[in-house]
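Observations on the three-dimensional arrangement
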Amino acid sequence: MDSLTTDYLKDVMGKMEVYGDRVQFGLTSPGPRPYYQVTNSAEKKMAFDSNHHLLHPKEDEFVGVNSTPVFSLEQIKAAVAAGGFRSTTTRSTGGTRSSSGSSGSSGGTRGGSAAVKAKDLIDAAKYAYFKENRHMLPDGIGGHSAEISELMSKGSSAAEAFEVVINRHF
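I will try to describe carefully the structure that is included in this document. Not measured: the values here are computed from a predicted model. Throughout, residues of each chain are indexed from 1 in the direction in which the sequence is written. Local features in a predicted model are, by the rule used here, given only for residues with pLDDT of at least 70; side-chain atom pairs are given and counted only at 80 or more, and totals for whole chains, interfaces and linings are based on all residues. With hydrogens and water set aside, each side-chain value is computed from the structure's full complement of heavy atoms.

1. Quick notes on the packing of helix H1 (residues 6-19) against helix H2 (residues 73-81)
Counted only if it meets this: An axis is simply a line fitted to the C-alpha atoms; with a helix, the fit covers only the stretch in contact. Between two such axes, the angle follows the N-to-C directions and lies from 0 to 180 degrees. Elements are defined by DSSP. Helices are runs of H or I of four residues or more, strands are runs of E of two residues or more, and each kind is numbered from the N terminus. Each angle is binned into one of four classes, with values under 35 degrees roughly parallel, values over 145 roughly antiparallel, values of 65 to 115 roughly perpendicular, and all other values oblique. Left-handed is the label given to a crossing in which the near helix is rotated counterclockwise from the far helix by less than a right angle, and right-handed is the label when the rotation is clockwise. The contact criterion used is simple: two residues touch if any of their non-hydrogen atoms lie within 4.5 Å. Residues were grouped as follows: Ala, Val, Leu, Ile, Met, Phe, Trp, Tyr, Cys and Pro as nonpolar; Asp, Glu, Lys and Arg as charged; and all remaining residues, including Gly, as polar.
Between H1 and H2, the shortest axis-to-axis distance is 10 Å and the interhelical angle comes to 155 degrees. Judged by the angle between their axes, H1 and H2 are roughly antiparallel. Of the two possible hands of crossing, H1 and H2 adopt the one that is left-handed. For the pair H1 and H2, contact is made by Thr 6, Leu 9, Lys 10, Met 13, Met 16 and Glu 17 and by Leu 73, Ile 76, Lys 77, Ala 79 and Val 80, respectively. The class makeup of the residues in the contact of H1 with H2 is seven nonpolar, one polar and three charged.

2. Observations regarding the pairing of strand S2 (residues 36-39)
What counts here: Residue burial is assigned from relative accessible area. The probe radius is 1.4 Å, only protein chains are included, and a residue is buried under 20% of its type maximum, exposed over 50%, and partly exposed in between. For two strands to be treated as a pair, DSSP must find at least two bridges joining them.
Alternating residues of S2 divide into Tyr 36 and Val 38 and Gln 37 and Thr 39, and every residue in both groups is buried. In this sheet, S2 lies alongside strand S1 (residues 22-25) in antiparallel orientation, the contact comprising four bridges. By the bridge assignment, Arg 22 is partnered in S2 with Thr 39. Bridge count for S2 against strand S3 (residues 45-48) is four bridges, and the pairing is antiparallel. The residue bridging Thr 39 from the neighbouring strand is Lys 45, located in S3.

3. Looking at the pairing of S3
In this antiparallel pair of consecutive strands, S2 and S3, the connection spans five residues, and Glu 43 shows a positive phi of 65 degrees. In terms of strand pairing, S3 meets strand S4 (residues 54-55) through two bridges, oriented antiparallel. Paired with Phe 48 across the strands is Leu 54, a residue of S4.

See below:
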């Protein structure tokens, strides 16, 4: 995903704003830009190829190790605001993101780097939300960072995850 440009992510974001608020990228797509699948609140899914045209995906294209975790619209917006996945990764871990359509990635490392990539994106979205809202967040919220990350990894936006943690603990 480190090869995804902000222009590409903006186009993905445009599809998400029209068709659904969650996206999952395919890791088996040919070329440097991955296919992706947008899901709406009714769990209806629409797949798009790397040129943002409708796609009829293979049965297992967005399942298990063949795809990234699901990202919310808020997480994609955070990646765009951060200048893409590469700058998000560099800032948070100093590593590189190399799954999801990166042509230099081997099949054996894709699953692991997809997990790292998802964590980096979640961390970036969590930090962006915290930074924008720290004035109204309770003291000690940082102690629940892992719980917020876990909620976000299950598809909650940063705002939703922070709200759940605040309601549980404060």
